[in-house]
Amino acid sequence: MKTLVFAVFGVIAGAGAARGAEAPLLVSVEVAPGADVSAGEVRHMIATELGAPVVGARDAAAAGATDVLLVTVEPHEVRMSLRAGAAPVVSRSIAAPADRPARLRSIGWLAGNLARDQVGPLVAAPAAPPPAPSPLDARASTEPPPMPEPPPASDSGSPAAVVASRPSARGDLVPHARWSIIALGGPALSVLHFKDGTTFGGTDFIRGSSYRIEMQHQATPDSALFGAALEAGPNAPFKHYFAAAAFAGSRWRLHSWFAEANLGLGLEVVEEMVKKVSVTNSSDMLGTIEQTTVSSEPVPELYARAAGVAGVGLTQSFDLVAQLGLHLSTGQFGPYQFGSYLSSTIGLRLRLP
């Protein structure tokens, strides 16, 4: 971080002390793990607050920038350093609110407060500067003003306030989402196991289909994820009516790609063969008569599940997801065990704030 600061300031010092009135503000953003905001969102919020063009360090227009704002966003603190032309570097920091929208508002508020105190020309419509706070006041938890509305699109085709820049990493486009909903479907293989020593001893696999909807929650990118799943399994050899499970797991992300693994327990309703025995005493001559009937009925069973997931981010809100699953049921009738199956499904994940 210090190397980047000295390098950026060196480029600006070599370009000259005079700052052009139309030069954009160079905003360099460093987001720590767990901060739950992206560099693009930080730049947009600062540009909206200042009403002035903002560029990133890798944008072509950054070479003409003479004012530099360095932003560091951590889970519990926001720090900024401003170098305006030949003026001394000014740094401030505030505590970061736990709520994500409030954190973005705090970033915009701190940037506006810092810029208006340093250089009036950075702000399109400068407000009366408040008295400079002491270091203790700067770190005090102060509720910033509400988040400003983004500028409306102009029908005349005039350029927007923010100068578009190519993001430095794909991670800027895929911010962490605490909640997500997944819909999956695909083929399945039901496992029908006969105990050894029986007439049909061995294991058979029967093709079918399975479908599931999952809700997941992960507080931070480094924390465990928790979720619940609703499932409908294959209909052969016995029908899976309904299943619900809770699970926990971990997620690993590399840019827009991610992988997950989770384990869970649940309750299902599955079709099962039920044996019923009826006993009657019709007469002294015939004695007791016993009659046995077997019928299929919905029966509750416990099951365990395991899943491995891989996916890639498609947009700001949707991911493409593939899942390999194992469903282990306690269903059993006589000499054979049933209800377990393997699944291979694909679907979409909707990421929520």
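Asks: Account for the sheet that holds strand 4 (residues 77–84), naming residues and giving values.
Replies: What holds strands together in a sheet is hydrogen bonding between their backbones, with the strands either parallel or antiparallel. Across the sheet, 5 strands lie side by side as 2-1-3-4-5; this open sheet has mixed pairing. At either end of the open sheet lies a strand with only one pairing partner, and these are strand 2 (54–55) and strand 5 (90–95). Bridge analysis of strand 1 (residues 25–31) against strand 2 gives 2 bridges, and the strand direction is parallel. When the bridges of strand 2 are listed, Leu-25 appears paired with Val-54. Along the sheet, helix 2 (residues 39–50) contacts strand 1, strand 2 and strand 3 (67–74); its crossing angle with strand 1, the most-contacted strand, is approximately 140°.

Asks: I'd love a proper account of the pattern of salt bridges, names of residues and values included.
Replies: Applying the stated criterion across every chain, the model contains 12 salt bridges. Put simply, Arg-100 and Glu-41 hold a salt bridge, and the shortest N to O gap is 2.3 Å. Placement of the pair is Arg-100 in helix 3 (residues 100–118) and Glu-41 in helix 2, with a sequence separation of 59 residues. Under the relative-accessibility criterion, Arg-100 is labelled buried at 16%. For Glu-41, a relative accessible area of 24% gives the class partly exposed. Between Glu-260 and Arg-349 there is a salt bridge whose closest N-O contact spans 2.7 Å. With Glu-260 in strand 10 (residues 257–283) and Arg-349 in strand 14 (residues 336–352), this residue pair connects regions lying 89 residues apart in the sequence. Among the residues examined, Glu-260 registers a relative accessible area of 4% and is labelled buried. Residue Arg-349 is classed as buried on the basis of its relative accessible area of 2%.

Asks: Report on unusual backbone geometry, specifying residues and quantitative values.
Replies: A positive phi angle, close to 65°, is found at Asp-36, a residue other than glycine. Structurally, Asp-36 can be placed in the loop between strand 1 and helix 2.

Asks: Mind laying out the confidence of the model for the chain, listing which residues take part and the relevant values?
Replies: Of the residues in the chain, 67% reach a pLDDT of 70 or more, and the chain-wide mean stands at 76. When pLDDT is averaged over each element of the chain, strand 8 (residues 225–232) comes out on top at 95 and helix 1 (residues 2–15) at the bottom at 46. Low pLDDT, under 50, characterises residues 153–173; the stretch is placed with 28 contacts to residues that sit more than four places away or in other chains.

Definitions and limits used
- Residues numbered from 1 in each chain as written.
- Predicted model: local features only at pLDDT ≥ 70, side-chain atom pairs only at ≥ 80, totals over all residues.
- Heavy atoms only, no water.
- Pairing = 2+ DSSP bridges.
- Helix = DSSP H or I, 4+ residues; strand = E, 2+ residues; numbered from the N terminus.
- Contact = heavy atoms within 4.5 Å.
- Axes fitted to C-alpha atoms, helices over the stretch in contact; angles between N-to-C directions.
- Salt bridge = Lys/Arg side-chain N within 4 Å of Asp/Glu carboxyl O.
- Buried < 20%, exposed > 50% of the residue type's maximum accessible area, 1.4 Å probe, protein only.
- pLDDT = per-residue confidence, 0-100.

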